[in-house]
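One-letter residues, chain by chain:
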Protein chains: 2
Amino acid sequence: MLTQDGTDLVETEAGLGKQRLRLWLQMLKAVRHVESDLRERLRSGYDMTLPRFDVLAALLAAPEGLKMTELSQQLMVSNGNVTGIVDRLVSDGLAERETVESDRRAFRVRISEQGAIQMREMAAQHLSWIDELFADVSEADAARGISIMLDIRHKVHR
Amino acid sequence: MLTQDGTDLVETEAGLGKQRLRLWLQMLKAVRHVESDLRERLRSGYDMTLPRFDVLAALLAAPEGLKMTELSQQLMVSNGNVTGIVDRLVSDGLAERETVESDRRAFRVRISEQGAIQMREMAAQHLSWIDELFADVSEADAARGISIMLDIRHKVHR
DNA sequence: GATCGAAATTTCAGGCATGAAGTAATTATG
DNA sequence: CATAATTACTTCATGCCTGAAATTTCGATC
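Residues numbered from 1 in each chain as written. Chains lettered and ligands numbered in written order. Predicted model: local features only at pLDDT ≥ 70, side-chain atom pairs only at ≥ 80, totals over all residues. Heavy atoms only, no water.

Chemist: Teacher, can you tell me more about the confidence of the model for chain A here?
Modeler: Low-pLDDT portions of the prediction should not be read for the details of their coordinates. The pLDDT averaged across chain A works out to 92; a share of 91% of its residues lies at or above 70. The spread of mean pLDDT over the elements of chain A runs between helix 1 (residues 9-46) of chain A, the lowest at 91, and helix 2 (residues 50-60) of chain A, the highest at 98. (pLDDT = per-residue confidence, 0-100. Helix = DSSP H or I, 4+ residues; strand = E, 2+ residues; numbered from the N terminus.)

Chemist: Would you explain the nonpolar core in this entry?
Modeler: For soluble globular proteins, the rule of thumb is that nonpolar side chains tend to be buried together. With 87 residues, the main nonpolar core has Trp 24, Met 27, Leu 71 and Phe 134 of chain A together with Met 27, Leu 71 and Phe 134 of chain B as its most contacted residues. No other element matches helix 1 of chain A, which puts 11 residues into this core. Contact partners of Phe 134 of chain B, with chain neighbours within four places excluded, come to Arg 20, Leu 23, Trp 24, Met 27 and Ile 152 of chain A together with Val 34 of chain B. (Core = buried A, V, L, I, M, F, W, Y, C linked by side-chain atoms within 4.5 Å. Buried < 20%, exposed > 50% of the residue type's maximum accessible area, 1.4 Å probe, protein only. Contact = heavy atoms within 4.5 Å.)

Chemist: What am I meant to see in the protein's contact with DNA strand C here?
Modeler: The immediate surroundings of DNA strand C are formed by 26 residues, with Ser 78 and Arg 88 of chain A together with Thr 69, Thr 83 and Arg 105 of chain B found nearest. Each atom of DNA strand C within 4 Å of the protein belongs either to a base or to sugar and phosphate, the latter forming 76%. Here a phosphate oxygen of DNA strand C and a backbone polar atom of Ser 78 of chain A are 2.5 Å apart. A distance of 3.1 Å separates a phosphate oxygen of DNA strand C from a polar atom in the backbone of Arg 104 of chain A. (Near = heavy atom within 4 Å. Polar contact = N/O pair within 3.5 Å; in protein donor to acceptor, adjacent residues only side chain to side chain.)

Chemist: Got a minute to help me understand unusual backbone geometry in this structure?
Modeler: Comment: phi is negative for the bulk of residues other than glycine, and the bulk of peptide bonds are trans. All names here are of chain A. Of note in the backbone geometry, Met 76 takes a positive phi value of approximately 60 degrees without being a glycine. Mapped onto the elements, Met 76 comes out in the loop between helix 3 (68-75) and helix 4 (79-91). On the basis of relative accessibility, which here comes to 30%, the residue Met 76 falls in the partly exposed class.

Chemist: Teacher, can you tell me more about the packing of aromatic side chains here?
Modeler: Each aromatic ring pair is summarised here by two numbers: the centre-to-centre distance and the angle between the ring planes. Tallied over the full model, the rule gives four aromatic pairs over all chains. Centroid distance Trp 24 of chain A to Phe 134 of chain B: 6.2 Å. Interplanar angle 70 degrees. Geometry classified as edge-to-face. Of the two residues, Trp 24 of chain A sits in helix 1 while Phe 134 of chain B sits in the loop between helix 5 (113-133) and helix 6 (139-153), which places them in two different chains. Here Trp 24 of chain A and Phe 134 of chain B have matching classes, each one buried. (Phe/Tyr/Trp six-rings, centres within 6.5 Å; stacked < 30°, edge-to-face > 60°.)

Chemist: What is the right way to look at the sheet that holds strand 3 (residues 107-111) of chain B in this model?
Modeler: Sheet strands pair via backbone hydrogen bonds, and the direction of the pair is either parallel or antiparallel. Residues and elements named next belong to chain B. Overall, antiparallel pairing links the three strands, which are arranged 1-3-2 in an open sheet. Of all the strands in the sheet, the pair left with one neighbour each is strand 1 (66-67) and strand 2 (95-99). Here strand 1 pairs with strand 3 via two bridges, running antiparallel. Its bridge partner lying in strand 3, Leu 66 is registered against Val 109. (Pairing = 2+ DSSP bridges.)

Chemist: Any chance you could explain the interface of chain B and chain A here in plain terms?
Modeler: How big an interface is tends to be expressed through the accessible area that disappears when the partners come together. With 56 residues of chain B in contact, the opposing surface of chain A contributes 56 residues. Regarding the contact of chain B and chain A, the summed buried area is about 6000 Å², with carbon and sulfur atoms giving 64% of it. In this assembly, chain B and chain A are joined by six salt bridges. When the shortest N-O distance is used, the salt bridge between Asp 54 of chain B and Arg 32 of chain A registers 3.5 Å. Remark: the boundary between chain B and chain A carries 18 residue pairs in polar contact (both at pLDDT 80 or more). Mapped onto the side of chain B that touches chain A, the elements with two or more residues apiece are helix 1 (9-46), helix 3 (68-75), helix 5 and helix 6 of chain B. Broken down by element, the residue count for the side of chain B that touches chain A peaks at 23 residues, all from helix 1 of chain B. A per-class count over the side of chain B that touches chain A returns 27 nonpolar, nine polar and 20 charged. (Buried area = accessible area lost by both parts, 1.4 Å probe. Salt bridge = Lys/Arg side-chain N within 4 Å of Asp/Glu carboxyl O. Nonpolar A, V, L, I, M, F, W, Y, C, P; charged D, E, K, R; others polar.)

Chemist: In this structure, what is going on with the sheet that holds strand 2 (residues 95-99) of chain A? I would like to understand it.
Modeler: Residues and elements named next belong to chain A. Ordered in space as 1-3-2, the three strands form an open sheet in which the pairing is antiparallel. With one partner strand each, in any of the chains shown, strand 1 (66-67) and strand 2 form the two edges of the open sheet. The strands touched by helix 2 are strand 1, strand 2 and strand 3 (107-111); relative to strand 3, the strand with the most contacts, the crossing angle is about 95 degrees. Across the sheet, helix 4 lies against strand 2 and strand 3, angled at about 110 degrees from strand 2, the strand it touches most. (Axes fitted to C-alpha atoms, helices over the stretch in contact; angles between N-to-C directions.)

Spelled out as structure tokens, the structure:
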């Protein structure tokens with residue numbers, strides 16, 4: 001089976017598959033690279049871990065608080081995982097659990113005043129770290145990259 | 001300070017920073033999405049975890065074996081981590097440790113015959129899974145994506 | 001050829017992560 | 001309104017992951 005320009009369609013598809021695999025492997029490495037850099041900066045500068053930071057960032061953006069399930073969906077991690085991280089944040093005084101009037105199974109997790117103060121500073125730093133790490137990415141590339149990532153994510157399974 | 005088209009340079013930079021942050025957040029979510037899908041397929045189909053798969057994939061591509069440090073650099077994970085994963089692979093009979101003649105501190109990790117047989121099958125599946133998950137990514141997008149990922153990775157720190 | 005710094009690896013403590021199983025409260029269904 | 005299915009969350013076992021400290025070996029310098 002030949003296309004108009006004479007290339008073999010099966011060959012072309014196989015090549016595309018390998019190119020997609022290359023993209024996946026590069027995405028993995030890039031994410032690990034950035035994560036390891038951020039982890040180190042958070043650790044040495046703020047005695048903060050990446051998972052805790054991620055949770056606090058979600059909470060800072062939701063002043064009314066979030067339910068555990070909302071948190072775990074937003075961060076794309078398991079329920080049990082969020083339980084542990086929030087436990088530690090609460091015992092460090094950075095977040096608070098608050099009962100929900102209408103549903104005794106659930107509660108809202110809210111960032112504490114102390115957490116908000118610390119988080120606002122870290123968020124500003126975080127933004128500038130990303131800007132530095134992504135310095136070689138132009139506005140156009142960023143837009144295209146975002147759209148590629150959305151294409152990947154919107155491929156639902158199950 | 002104004003650019004030719006009248007937009008404010010500082011505003012533009014801040015916008016670019018936020019766009020880069022959006023790209024980063026989308027990358028994180030896309031990678032978590034794909035990883036969780038792959039993890040589930042490896043688990044249910046082959047009783048295999050993602051970290052073990054990553055190590056075996058690296059070993060399959062290096063028939064002469066790899067030193068622990070080479071492995072950990074290639075996968076971008078810590079040394080101690082690789083020790084544990086290789087331990088489990090060896091006790092499952094999927095990999096072997098082999099002494100290095102010239103250096104008694106080091107050794108090579110090599111994939112076993114059984115590991116290679118299993119891995120060849122999984123690798124073919126893996127390629128088709130990625131092709132499926134990345135179905136909405138065109139050849140041009142893949143190329144652009146790869147180049148963006150390389151731009152991010154080549155930003156060295158420290 | 002003794003010593004000293006660097007390199008390859010392991011060990012360990014602590015935290016992160018999943019999936020499965022458990023508890024309790026809510027909602028839907030007959 | 002009884003009960004069955006669902007939802008919100010926790011607990012647990014197991015494995016992954018890091019960073020720091022320890023061990024052993026290597027290589028260079030004096």
